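# Structure assessment
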Amino acid sequence: VPVTPTQQTSTLCTLLDISFPVIQDGMGPVSTTRLATAVSNAGGLGTISSLGTTGDPVAKAHMFRKELEDVRSLGCGSFAANIPLGRDANGTLLPVCAAYMDAVIEACSDSDAGTGGLKAVITSAGWVPSITDRLHDVGLVHIQKIGSVSHARKAAANGVDVLIASGSEMGGHTHSHPISTMVLAPQAVDAVEIPVVVSGGIYDARGLAAALAFGAAGVAMGTRFAASRDSDWHPAYAERLVGTGERDDIIFPGYLGPIRGLKSGGTAELARLLHMGVRDEVLSQWKEDRIAAAMVDGDVLGGLLPAGQCASAIHDIIDVGDFLPRMVRDAQALLSRAQGILTS
Ligand SMILES: Cc1cc2nc3c(=O)[nH]c(=O)nc-3n(C[C@H](O)[C@H](O)[C@H](O)COP(=O)(O)O)c2cc1C
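Read on for an overview of the structure. Within each chain, residue numbers correspond to sequence positions counted from 1 in written order. Given that the model is predicted, a residue must reach a pLDDT of at least 70 before its local features are reported, and side-chain atom pairs must reach 80 or more before they are shown or counted; all residues, however, enter totals for whole chains, interfaces and linings. The side-chain values count all of the structure's non-hydrogen atoms but skip hydrogen atoms and water molecules.

### Concerning the packing of aromatic side chains
Put simply, two rings from Phe, Tyr or Trp (the six-membered ring, in Trp's case) pair if the centres are within 6.5 Å, and we call them stacked under 30 degrees between planes, edge-to-face over 60, tilted for the rest. Considering all chains together, one arrives at three aromatic pairs under this definition. Aromatic side chains Trp233 and Tyr237 sit 5.0 Å apart centroid to centroid with 70° between the ring planes, which places their arrangement in the edge-to-face category. Working definition: with a 1.4 Å probe on protein chains only, accessible area under 20% of the residue-type maximum means buried, over 50% means exposed, and in between means partly exposed. When its relative accessible area of 9% is taken as the criterion, Trp233 is described as buried. Tyr237 sits in the buried class, given a relative accessible area of 1%. Criterion for a charge above a ring: Lys NZ or Arg CZ within 6 Å of the ring centre, and within 35 degrees of the ring normal. Across from the ring centre of Phe323, 5.5 Å away, lies the NZ or CZ of Arg224, which sits over that ring.

So, in structure tokens, the structure goes:
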């Protein structure tokens, strides 16, 4: 299915060796290798997710490397690895995040096949300039998630290859100063020369068409892909997403800043703990465990469920292999139809 040929889109697809300008965003702290493989096989860029920011860095990095090798060994299309760059109160990169980065660099340096299908690292939740050169040295594309135009400029000036401009309606860790996708995306496109991918609230062909109309290269999605039969998680998570109504989402303090998720017994319990005076800094492990309880055990009542505002617009559980080409085809039809609208 040919994609509307904007320069940015073809640059993105060539750089990442993908057929469709659609990225599955990272969704930790539980593995997304199955989902990533499905998206990559369908012609998009699947992303393996990092496994949280707590715990033993050596053990976590080992598990992350195993995820990478598992997806690589399947020989699917191009894929990415997401590494949030969380920092402690002194601004030092968290040991687990540093260990994930080392694991990816080593996996690409050690392998005879070079990077294999791994094409890119998507960094998020912060910014560490020296990482771009390290990734380029082993042949990886550096994609940085940004939530403001000033961060877009800074990342591009530092040699980052692609930006994901994520608006505040996004699921998971969102930016501390909320700027909506509609306002951020076109400004980010204007601010830099490199491809910009739009994320936050995208869930169907209309979102992709809008992103291309903004002059962006493509889209990245989290919540839409989480409600999929290809998800690695307990099916109750996808079913809860499909059952979401308007105003069911809430922002709660996460472990790397605010998280957007669904209201649940878990968010009520978190509010209670904070109200009782439990310091938020000691709750990181508890929060990751509560997210894992929802994703792995299907405890959608007592768990924490990161999800974007677009959950209320998602009414079906998709097969990625059907969904992705259809989304692209429908976006193409929308853009062709739109061409005639303002001419009469
Ligand atoms: C369940 C879930 C978990 C997420 N975990 C991460 C993560 O580990 N790292 C990260 O950079 N972003 C994470 N995000 C954010 C996504 O990468 C992406 O930016 C977001 O989902 C885009 O907005 P959307 O949900 O409206 O598509 C998560 C999002 C969700 C829904």
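### Brief notes about the sheet that holds strand β2 (residues 46-48)
Pairing within the open sheet is parallel, and its eight strands lie in the order β1-β9-β8-β6-β5-β4-β3-β2. If you trace the sheet from one side to the other, it starts and ends with β1 (22-24) and β2, each paired once. Between one strand axis and the next, the sheet turns by 30° as a mean value, whatever way the strands run. When DSSP locates at least two bridges between a pair of strands, those strands are taken to pair. Labels follow the DSSP assignment, with helices taken as runs of H or I lasting at least four residues and strands as runs of E lasting at least two, numbered in each case from the N terminus. Direction of pairing for strand β4 (residues 118-124) relative to strand β5 (residues 141-146): parallel, over a ladder of four bridges. Residue pairing for β5: Ala120 is matched across the bridge by Val141. What makes two residues a contact is simply this: any of their non-hydrogen atoms within 4.5 Å. To define axes, lines are fitted to C-alpha atoms, for helices over the stretch in contact only, and angles between the resulting N-to-C directions are given on a 0 to 180 degree scale. On the sheet, helix α5 (residues 130-137) packs against β4 and β5 and is oriented at approximately 150° with respect to β5. Strands in contact with helix α7 (residues 181-191) are β5, β6 (162-166) and β8 (196-199); relative to β8, the strand with the most contacts, it is inclined by about 180°.

### Notes on the packing of helix α4 (residues 95-110) against α5
Two elements in contact, α4 and α5, have axes whose closest approach is 9 Å; the angle formed by their N-to-C orientations is 20°. Classed by the angle they form, the pair α4 and α5 counts as roughly parallel. Judged by the twist between their axes, the crossing of α4 over α5 is left-handed. Touching Met101, Asp102 and Ile105 of α4 are Ile131, Arg134 and Leu135, all from α5. Between 65 and 115 degrees an angle is taken as roughly perpendicular, under 35 as roughly parallel, over 145 as roughly antiparallel, and anywhere else as oblique. By definition, turning the near helix anticlockwise from the far helix through less than a right angle yields a left-handed crossing, and turning it clockwise yields a right-handed one.

### As for the side chain of Ser228
Secondary-structure assignment places Ser228 in the loop between α9 (223-226) and α10 (235-242). Between N or O atoms, a polar contact is any pair within 3.5 Å; within protein, one atom must be a potential hydrogen donor and the other a potential acceptor, and residues adjacent in sequence are included only when both atoms are from side chains. At 3.3 Å, the side chain of Ser228 and the backbone oxygen of Ile318 are in polar contact. Not counting the four nearest positions on each side in its chain, Ser228 is found in contact with Leu35, Ala238, Ile317, Ile318 and Val320.

### Focus: the layout of surface pockets
One number sums up the size of the second largest pocket: a volume of about 240 Å³. The method works on a 1 Å grid over the protein atoms by themselves. A cavity is a set of points holding a 1.4 Å probe that cannot get out, a pocket is an open set with protein on both sides within 12 Å along at least five of seven lines, and residues with an atom within 4 Å of a point line them. What lines the second largest pocket is Thr53, Arg87, Asp88, Ala89, Leu94, Gly254, Tyr255, Leu256, Asp280, Glu281 and Ser284. Each residue is assigned to one of three groups, with Ala, Val, Leu, Ile, Met, Phe, Trp, Tyr, Cys and Pro labelled nonpolar, Asp, Glu, Lys and Arg labelled charged, and all others, Gly among them, labelled polar. Partitioning the lining of the second largest pocket into residue classes produces four nonpolar, three polar and four charged. Grid points are joined across faces, edges and corners, and a volume is the space filled by probe spheres set on the points.

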